[in-house]
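Topology and contacts: notes
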Amino acid sequence: MLKTIIIYWLNRLKYDMVVIENWRSKMELIRPFVKWAGGKGGLISQLKNFYPFDLENGVIEKYVEPFIGGGAVLIDILQKYDVKEAYAFDINKDLINCYNVIKNNVEDLIEELDKKEKEFLKLETDDRTAYFYDIRNKYNSYKLEKVIDVKRASEFIFLNRTCFNGLYRVNKSGKFNVPCGKYKNPTICDSKNLRNLSKLIQNVIFEYGDYKKSSEYVDNKTFVYFDPPYRPLSITSGFTSYTKEDFNDENQKELAKYYCELNNKKAKLMLSNSNPKNTNKEDTFFEDIYKGFNINEVSAKRMINANSKGRGEISELLITNYEETIECTEENSIMKMVASN
């Protein structure tokens, strides 16, 4: 126990020194290139306390993320730990295209985005709106066919940076349907961050596909982080339309079975989801489907909500298949329990 605590604080010191060095050299930490509903950028300070300790001592050699989304945790892991291999998956084909474009063609992407940013920012409000819908109509008029498509990636990022609330959402036909936002000077081309991100992800394999596609890459030296579409807290709060497919309770149960399969491979697993007890104290859905695993509760904020009054703090669940032994993590956890068999 004492040895574990010492290792924990040495690692925290190491992380703090990295942050200080970045500040001294006026370097910015690399950020996700896209805004994403449920993105974990604001939760990293809590999530990092639940990373498996084997990341530090080199036992874990691979990192796998079956629902990559905005990639905040992937970026954090790659900046802090020396993993030999990393794999990321998503059923949003355009999102995966963006990652591969940033990885392989970042300068071409920057050129496209810089052009759009200059054209957009010089326009008055009404003309900006017209420009936005012109890009949106073009984006919706065709489907991604190439393995890597720079033009489409630039449209994806432009729409994400200029649409209402930075929300990515499609309808049942797969058409992007978020309206234009009202930003004064949106950053459409963050060239410095894109270049830094491109360097960071050079050894990451990004694949379009269902989360189960990740299975072949998982072994007992792998850390897997799941960030699936969250289970809605109410009928009206449901938002799972990152793609035209929904993610219902049956899908959540299938994911829990897959979690158990990877647990049998002795991989280290961590999964985020909504906490139904925010609205119904009697709802034991996740305790039931993740029996025997560690269920932690962390504090989060609703970052994307049409009503600003609906953006207050709530709690989310963080489910791991390894036991947390550091008492310090309790400072960042509202509660901790083990769902009993």
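Below you will find a few notes about this structure. The shown structure was predicted, so the numbers you read here are calculated from the model rather than taken from an experiment. (Residues numbered from 1 in each chain as written. Predicted model: local features only at pLDDT ≥ 70, side-chain atom pairs only at ≥ 80, totals over all residues. Heavy atoms only, no water.)

**Some thoughts on the environment of E297**
For clarity, the cut-off: By definition, any uninterrupted DSSP run of H or I lasting at least four residues is a helix, any uninterrupted run of E lasting at least two residues is a strand, and each is numbered from the N terminus. By the criterion applied in these results, polar contacts are pairs of N or O atoms within 3.5 Å in which, for protein atoms, one can donate a hydrogen and the other can accept it, and in which residues neighboring in sequence qualify only through two side-chain atoms.
Take E297: it is sitting in strand 6 (residues 294-301). On a C-alpha basis, the gap between E297 and L318 in space is 6.0 Å, while along the polypeptide they are 21 residues apart. In this structure the side chain of E297 is engaged in a polar contact, spanning 3.2 Å, whose partner is the side chain of N275. A polar atom in the side chain of E297 sits 2.6 Å from the side chain of S315.

**A short note on helix 4 (residues 93-104)**
Spelled out, the test is: Expected helix span is taken as 1.5 Å per residue step, with the number of steps being one fewer than the number of residues. Exposed residues in this analysis have more than 50% of their type's maximum accessible area, buried residues have under 20%, and partly exposed residues fall in between, with area computed by a 1.4 Å probe over protein chains only. Contact criterion: two residues are considered in contact whenever any of their non-hydrogen atoms come within 4.5 Å of each other.
The terminal C-alpha atoms of helix 4 lie 16 Å apart, and with 12 residues this matches the ideal 16 Å at 1.5 Å per residue to within 8%. Taken as a whole, helix 4 has its buried residues at D94, L95, I96, N97, C98, Y99, N100, V101, I102 and K103. In this fold, the buried residues of helix 4 make contact with strand 2 (85-90), helix 5 (106-121), helix 6 (125-140), helix 7 (150-162), helix 8 (191-200) and strand 3 (204-208). Of the residues that open helix 4, the one with a side-chain oxygen 3.1 Å from the backbone nitrogen of D94 is N92.

**Focus on the nonpolar core**
The line we're drawing: We call a set of buried residues a nonpolar core when its members are Ala, Val, Leu, Ile, Met, Phe, Trp, Tyr or Cys and they connect through side-chain atoms within 4.5 Å of each other.
F33, Y51, I77, L109, F156 and F223 are the most contacted members of the largest nonpolar core, which totals 66 residues. Counting 26 residues, the second largest nonpolar core, distinct from the first, contains Y211, A267, F286 and Y290.

**Comments concerning the pairing of strand 4 (residues 222-226)**
Rules: Two strands are said to pair when DSSP picks up at least two bridges between them.
Here strand 4 lies mainly inside the structure; 5 of its 5 residues are buried. By the alternation rule, side chains of strand 4 split into T222, V224 and F226 and F223 and Y225, which are all buried. Examined bridge by bridge, strand 1 (residues 62-65) and strand 4 share 3 bridges and lie parallel to one another. When the bridges of strand 4 are listed, Y63 appears paired with F223. Looking at chain direction, strand 4 and strand 5 (residues 268-274) are connected through 4 bridges and run parallel. Bridge pairing links F223 to K268 in strand 5.

**So, the packing of aromatic side chains**
Here is the rule: Two rings from Phe, Tyr or Trp (for Trp, the six-membered ring) form a pair when their centres sit within 6.5 Å of each other. Planes less than 30 degrees apart are called stacked, planes more than 60 degrees apart edge-to-face, and all others tilted. Charges are assigned to positions over rings by a cutoff of 6 Å between ring centre and Lys NZ or Arg CZ, combined with an angular limit of 35 degrees from the ring normal.
Overall, the coordinates contain 26 aromatic pairs when judged by the stated rule. Centre to centre, the rings of F67 and F247 are 6.1 Å apart; their planes meet at 85°, and the pair counts as edge-to-face. With F67 in the loop between strand 1 and helix 3 (72-80) and F247 in the loop between strand 4 and helix 9 (249-264), the pair connects residues that are 180 residues apart, well separated along the chain. Summarising the aromatic geometry, the rings of Y99 and F206 are spaced 4.7 Å apart at their centres and angled 10° between planes, so their arrangement reads as stacked. Residue Y99 is found in helix 4, and its partner F206 is found in strand 3; the two are separated by 107 residues along the sequence. An identical accessibility class is assigned to Y99 and F206; each is buried. An aromatic cluster of three or more residues is present, and its members are F67, Y211, F226, F247, Y258, Y259, F285, F286, Y290 and F293. The aromatic ring of Y139 is capped on one face by R152, whose charged end is 3.9 Å from the ring centroid.

**A look at the pattern of salt bridges**
Once their charged atoms are close, side chains differing in charge can pair, the charge on each being opposite to the other. For clarity, the cut-off: Within this document, salt bridges are pairs made up of a side-chain nitrogen of Lys or Arg and a carboxyl oxygen of Asp or Glu, the two lying within 4 Å of each other.
Using the criterion set out here, one finds 19 salt bridges in the structure. Residue E107 pairs with R195 through a salt bridge whose shortest N-O separation is 2.7 Å. Residue E107 is located in helix 5, and its partner R195 is located in helix 8; the two are separated by 88 residues in the primary sequence. Owing to a relative accessible area of 34%, R195 belongs among the partly exposed residues under this scheme.

**Brief notes about the side chain of N275**
Looking at the secondary structure, you find N275 in the loop between strand 5 and helix 10 (285-289). In this structure, N275 is in contact with L233, E297, S315, E316 and L317, ignoring residues within four places of it in sequence.

**As for the environment of G69**
Position of G69 among the secondary structure elements: in the loop between strand 1 and helix 3. Overall, G69 belongs to the buried group, its relative accessible area being 8%. Put simply, G69 and D90 are 21 residues apart on the chain and 7.1 Å apart in space, counted from C-alpha to C-alpha. Each residue touching G69, except ones within four places of it in the same chain, is listed here: W36, D90, L95 and Y99.

**What about the environment of K103?**
Here K103 shows up in helix 4. The residues contacting K103, other than those within four sequence positions of it, are S198, I201, Q202, V204, I205 and F206.

**Some remarks on helix 6**
We apply this condition: The directions from the helix axis to the C-beta atoms form the arc being described.
A rise of 1.5 Å per residue sets the reference length of helix 6, with its 16 residues, at 22 Å; its end C-alpha atoms lie 23 Å apart and thus fit the reference within 8%. Among all positions of helix 6, only R128, Y131, F132, I135, R136, Y139 and N140 are buried. Taken around the axis of helix 6, the buried residues stretch over an arc of 165°, which confines them to a single face. Buried residues along helix 6 sit in contact with helix 4, helix 5 and helix 7.

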